[in-house]
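Architecture at a glance
Next come the chains, spelled out residue by residue.
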2 protein chains.
Amino acid sequence: MTDRYASFVQSGAGRALVKRLGLPDPPRLRRHAPGDPLLPGPALLGAATGGRLAEQVGEILTAAGVELRDPAGVTGEERFGALVYDATGVTDSTQLRQLYDFFHPYARSVLPSGRVVVLGTAPDDCGSPREATAQRGLEGLTRSIGKEFGRGVTAQLVYVTPAGDAGTRTSLESTLRFLLSGRSAYVSGQVVRVGTGRAEPPADWDRPLDGQVVLVTGAARGIGAALARVLARDGAQVVALDVPSAGDELAAVVNEIGAAAVQLDLTAPDAPTRLAEHLASRHGRVDVVVHNAGITRDKTLGRMDVDRWDAVLDINLSSQERINDVLLERDLIPAGGRIVSVSSIAGIAGNRGQTNYATSKAGVIGLVESLAPALRDRQVSVNAVAPGFIETRLTARIPLGLREAGRRMNSLSQGGLPVDVAETIGWLAWPASGAVSGNVVRVCGQSLLGA
Amino acid sequence: MTDRYASFVQSGAGRALVKRLGLPDPPRLRRHAPGDPLLPGPALLGAATGGRLAEQVGEILTAAGVELRDPAGVTGEERFGALVYDATGVTDSTQLRQLYDFFHPYARSVLPSGRVVVLGTAPDDCGSPREATAQRGLEGLTRSIGKEFGRGVTAQLVYVTPAGDAGTRTSLESTLRFLLSGRSAYVSGQVVRVGTGRAEPPADWDRPLDGQVVLVTGAARGIGAALARVLARDGAQVVALDVPSAGDELAAVVNEIGAAAVQLDLTAPDAPTRLAEHLASRHGRVDVVVHNAGITRDKTLGRMDVDRWDAVLDINLSSQERINDVLLERDLIPAGGRIVSVSSIAGIAGNRGQTNYATSKAGVIGLVESLAPALRDRQVSVNAVAPGFIETRLTARIPLGLREAGRRMNSLSQGGLPVDVAETIGWLAWPASGAVSGNVVRVCGQSLLGA
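What you see is a predicted model; the values in this text were computed from it and never measured. (Residues numbered from 1 in each chain as written. Chains lettered and ligands numbered in written order. Predicted model: local features only at pLDDT ≥ 70, side-chain atom pairs only at ≥ 80, totals over all residues. Heavy atoms only, no water.)

Observations concerning the interface of chain B and chain A
- The interface is formed by 67 residues belonging to chain B together with 68 residues belonging to chain A.
- Around 5,500 Å² of area is buried between chain B and chain A when both sides are counted, 57% of it from carbon and sulfur atoms.
- Of all residues in chain B, B:Tyr100, B:Glu148 and B:Leu301 give up the largest surface area on contact with chain A, accounting jointly for 12% of the area buried on that side.
- Applying the counting criterion to the chain B and chain A interface returns six salt bridges.
- Two residues, A:Asp325 and B:Arg130, come together in a salt bridge whose shortest N-O distance is 2.6 Å.
- Here chain B is connected to chain A by 41 residue pairs in polar contact (both at pLDDT 80 or more).
- Per-element accounting of the side of chain B that touches chain A gives the leading share, 14 residues, to helix H5 (residues 129-148) of chain B.
- Residues belonging to the side of chain B that touches chain A are distributed by class as follows: 27 nonpolar, 23 polar and 17 charged. (Contact = heavy atoms within 4.5 Å. Buried area = accessible area lost by both parts, 1.4 Å probe. Salt bridge = Lys/Arg side-chain N within 4 Å of Asp/Glu carboxyl O. Polar contact = N/O pair within 3.5 Å; in protein donor to acceptor, adjacent residues only side chain to side chain. Helix = DSSP H or I, 4+ residues; strand = E, 2+ residues; numbered from the N terminus. Nonpolar A, V, L, I, M, F, W, Y, C, P; charged D, E, K, R; others polar.)

This is the structure in structure tokens:
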């Protein structure tokens, strides 16, 4: 469960050896603690001619306590906590040169665990093929920067709808606060879309889930337990669910954070209605549903018995559908509610020995992408996270060689922690993030693996 | 330019050693030669309850000379050239079990270089979130099968629009003929969408480009030269373009295949109009435009001079846009015409030291995805291929360690050949493929790399 190599490398003796031998050099990542400043240094903010977001972004960052620098005013050897660029003004591939002009001089001036964020217009929202082409090109740039800058620096592309409403502004703020902070330590090379919809800023950005009732399935262990802790820290009233056989571990989690426990086997035919009745009677509603419960039962397809197929598909996918349907039918998820599902890189890329798991996790992506538009009118957002290699009890059991490969084959040269997945789900669960819907965000340190 | 390890492994002595030491075992891939049967053995064809395509697929395969087997009638140890499954009847995640039932007993009965093809309905075209979820799940299954089956077996998912017209039927046929044949040797783990549109079957499927005028840029070398040969073999009148400095090599290619040569520097401001005038006066039209010309100028962003940025963006992306615009303006691409662009895995995943290249190749994806709907009414299809590790002069210059990693990090444990990219572009260039538009098809042996 610990990455001893990374701990060694981050020690004094280890550092010297790593440099000498040219070994992988996993940086110590900046992670969030309440009260932390958003960035470890000032942000350099630039914009392409005609950009529509730079002013708004400047206001958001200033309000969040970030010191802003303008490329025109930078002198000497200054180092930056973030490079932020509004590329919405780029309407033709020849104008992409402006991004080179902005990033080239400062490519080596980003602090460790610094951030690169490029803002654009999603190709679907562009007015012409020329504009869509150039805006799609941004993805090649940010993904390359993520692979290139090193030292824990992450790079993201945020597409912001030009048909913006108040929700767009609020969710752009929540997204920037997430991506710039240590909360997004293990998120890199991602494309996030901010749309329109109901999104409400918190009274206090350090407690972005204040008063929200949040259901977490599979909360007794690993990512689920980390999630319960992060959500509670951020002000949520957590309803932590797991199977009765994990009752002791679940009790330990809820006692630690002051949450409510629900012991329930989600595969039981009456589980969704029992859960709905529980939520209705105890809380009257559920503002956020986090579908985290999941299992693996690996075998190659030719050797896989049918029980392995059925169990994985049922718990990881079908049970999510049944729960959503019942909670929505009974109107227990109010307007402004959020659903967050846990997918996996295996659902994106497929995996040997995981036909069942990958099918279920690809299905989760389908669920999110189809339910998001369907629930638009109800003002309920639906998103997924797709974890890569995360240090848990499960990955600790992977044979050493594969485990080391999984840990190092990403831009941050290390596995993520359960808290990294939890922070990402947390952001999607904030009332302020309601205009982010239909997204699948990988928490994988920009793993090389993909489709 | 040759993969000596693969040649060794495929020899008698090599095979024994590989087994003994557990080394990577790149299989010898089945590649197309005119007159070859579509498959090395019979196809097992199955369908989920309520599937709408099985009958049509049965007709297509029978007409193509494939022997069909029904799961009910299979006995003993029969081996199959392909497992083909119509999953369009699956409208709920619980019904995915039917795919397990079909594939599980035959997972180890597929011949070397055999094929797995699953047919479905694109999530966007589904009638409900439940159906979209299940149909999206298929992608996890086929991508996992591609990683699991080995021995040169490829696996694809083909989404066929339910709003089918005559073009849909023809392009489903062209797509199956491509995916089942040796033409698709290095294509695996892909999702292809067959829509509606103008698509015309050839008089002879062994000459699917008979009489078509096809422009190929960058035709003097590597993938471009292989492309000119493949297109000519399939009946096209090839117009092979390259820069004047590559004149000798270009002449050798066109002399070999009986093509026309055009020497032109595409970065010259008047290149598009000169090209248009040439095509108009010599050929009167251009049925297919293949944008293959491209360059790399690698450097990390901090060390990259502006000329490297400009040259790569201009040749790989902006010049494609300029040429398309002029040819379309002058109506030189007739109804039923096709545009095929060469993107790259770097455009999907980004790459260290290739911010310029990845931006340009991501832009190509944007070009294809935005131009395809824009040219729908003109009945012109637009698609891209994204090559992975292909054995060319360029990749031969990569340092040995990286080259070996690039070669082996895919489901086929080897690099592709230029002809593999050429065959894929060829399929997208066929008049029969006109209802395939807006696709980006990787030719990468299902490389692990992705986004």
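After that view of the structure, there is still more to cover.
A few points about empty space enclosed by the protein
- In the structure shown here, the tally under the stated rule is four cavities of 30 Å³ or more.
- For the largest cavity, the calculated volume is near 60 Å³.
- Every residue along the wall of the largest cavity is listed here: A:Ala349, A:Gly450, A:Ala451, B:Arg143, B:Ser188, B:Gly189, B:Gln190, B:Arg442, B:Cys444, B:Gln446 and B:Ser447.
- The residue makeup of the lining of the largest cavity, split by class, is three nonpolar, six polar and two charged.
- In this model, the second largest cavity occupies a volume close to 40 Å³.
- Residue lining of the second largest cavity: A:Arg143, A:Lys147, A:Gly189, A:Gln190, A:Arg442, A:Gln446, A:Ser447, B:Ala349, B:Gly450 and B:Ala451, and that is the complete set. (1 Å grid on protein atoms, 1.4 Å probe; cavity = no way out; pocket = protein on both sides within 12 Å on 5 of 7 lines; lining within 4 Å. Points joined across faces, edges and corners; volume = space filled by probe spheres on them.)

A closer look at the domain arrangement of chain A
Residue and element names in this part refer to chain A.
- Splitting chain A by domain gives domain 1 (31-194) and domain 2 (213-443).
- Here domain 1 and domain 2 have C-alpha centroids that lie 29 Å from each other.
- Every contact between the two is made by 23 residues of domain 1 and, on the other side, 27 residues of domain 2.
- For the domain 1 and domain 2 pair, buried surface summed over both sides reaches about 2,100 Å², with 58% attributable to carbon and sulfur atoms. (Domains from an automatic or database assignment.)

Overview of the environment of A:Ser144
- Note on placement: A:Ser144 falls in helix H5 (residues 129-148).
- C-alpha separation for the pair A:Ser144 and A:Leu448, spaced 304 residues apart in sequence, amounts to 12 Å.
- Residue contacts for A:Ser144: discarding those within four places in its chain leaves B:Gly350, B:Asn351, B:Gln354, B:Thr355 and B:Ala358.

Side note on the packing of aromatic side chains
Residue and element names in this part refer to chain A.
- Under the defined criterion, the tally for this structure stands at 14 aromatic pairs over all chains.
- On the numbers, 4.8 Å between centres and 85° between planes, the contact of phenylalanine 102 with phenylalanine 103 is edge-to-face.
- The structure contains a cluster of three or more aromatic residues connected by ring pairs, namely Tyr85, Phe102 and Phe103. (Phe/Tyr/Trp six-rings, centres within 6.5 Å; stacked < 30°, edge-to-face > 60°.)

Focus on the relation of the copies chain B and chain A
- With an RMSD of 0.0 Å, the fit of chain B onto chain A corresponds to turning through 180° and sliding 0.0 Å along the axis. Considering both components of the superposition, the chain copies are consistent with a two-fold axis. Closest to the rotation axis within chain B is the C-alpha of B:Gly450, separated from it by 1.8 Å.
- Of all interface residues in chain B, 100% are interface residues in chain A too; the two copies therefore contact each other through one and the same surface. (Least-squares fit on C-alpha atoms with pLDDT ≥ 70 in both.)

Details of the pairing of strand S5 (residues 154-160) of chain A
Residues and elements named next belong to chain A.
- Most of S5 sits inside the fold, with seven of its seven residues counted as buried.
- Judged by which residues are buried, S5 turns out to be covered on both faces: Thr154, Gln156, Val158 and Val160 on one side and Ala155, Leu157 and Tyr159 on the other are all buried.
- As paired strands, strand S4 (residues 110-120) and S5 are joined by six bridges and run parallel to one another. Across the sheet, arginine 115 pairs through a bridge with threonine 154, a residue of S5.
- Running through H5, the crossover from S4 to the neighbouring parallel element S5 is right-handed.
- In the sheet, S5 pairs with strand S6 (residues 190-194) via five bridges, with the strands oriented parallel. In the strand pairing of S6, valine 158 is matched with valine 192. (Buried < 20%, exposed > 50% of the residue type's maximum accessible area, 1.4 Å probe, protein only. Pairing = 2+ DSSP bridges. Right-handed = clockwise from strand over helix to strand, strands pointing away.)

Focus: the sheet that holds strand S11 (residues 338-342) of chain A
Residues and elements named next belong to chain A.
- The seven strands are arranged S9-S8-S7-S10-S11-S12-S13 in an open sheet whose pairing can be described as parallel. A strand with exactly one partner marks an edge of an open sheet, and here the two such strands are strand S9 (260-263) and strand S13 (440-443). For this sheet, the mean inter-axis angle between neighbouring strands, taken without regard to orientation, is 20°.
- Relative to strand S10 (residues 288-291), strand S7 (residues 213-217) runs parallel, the two sharing three bridges. Across the sheet, the residue bridging to leucine 215 is valine 289, located in S10. (Axes fitted to C-alpha atoms, helices over the stretch in contact; angles between N-to-C directions.)

Overview of the packing of helix H7 (residues 222-233) of chain A against helix H15 (residues 418-429) of chain A
Residues and elements named next belong to chain A.
- In contact at an axis separation of 8 Å, H7 and H15 are set at 50° when each is read in the N-to-C sense. The orientation of H7 relative to H15 falls into the category oblique. You can see that H7 and H15 cross each other, and the crossing is right-handed. Where H7 approaches H15, its residues Gly222, Ile223, Ala226, Leu227, Val230, Leu231 and Arg233 are matched on the opposing element by Pro418, Val419, Val421, Ala422, Glu423, Ile425 and Gly426.
- Of the residues contributing to the contact of H7 with H15, the split by class is 10 nonpolar, two polar and two charged. (Parallel < 35°, antiparallel > 145°, perpendicular 65-115°, else oblique. Left-handed = near helix turned anticlockwise from the far one by under 90°.)

Things to note about unusual backbone geometry
Residues and elements named next belong to chain A.
- Its identity is not glycine, yet serine 413 carries a phi of approximately 55°, on the positive side.
- Turning to its location among the elements, serine 413 is positioned in the loop between helix H14 (400-408) and H15.
- The class of serine 413 is buried, set by a relative accessible area of 15%.

A short note on the environment of A:Glu59
All names here are of chain A.
- Tracing the backbone through its elements, the reader meets glutamate 59 in helix H3 (residues 54-63).
- For the pair formed by glutamate 59 and alanine 372, sequence separation is 313 residues and the distance between their alpha carbons is 29 Å.
- Among the polar contacts listed, one links the side chain of glutamate 59 to the side chain of arginine 169, at a separation of 3.3 Å.

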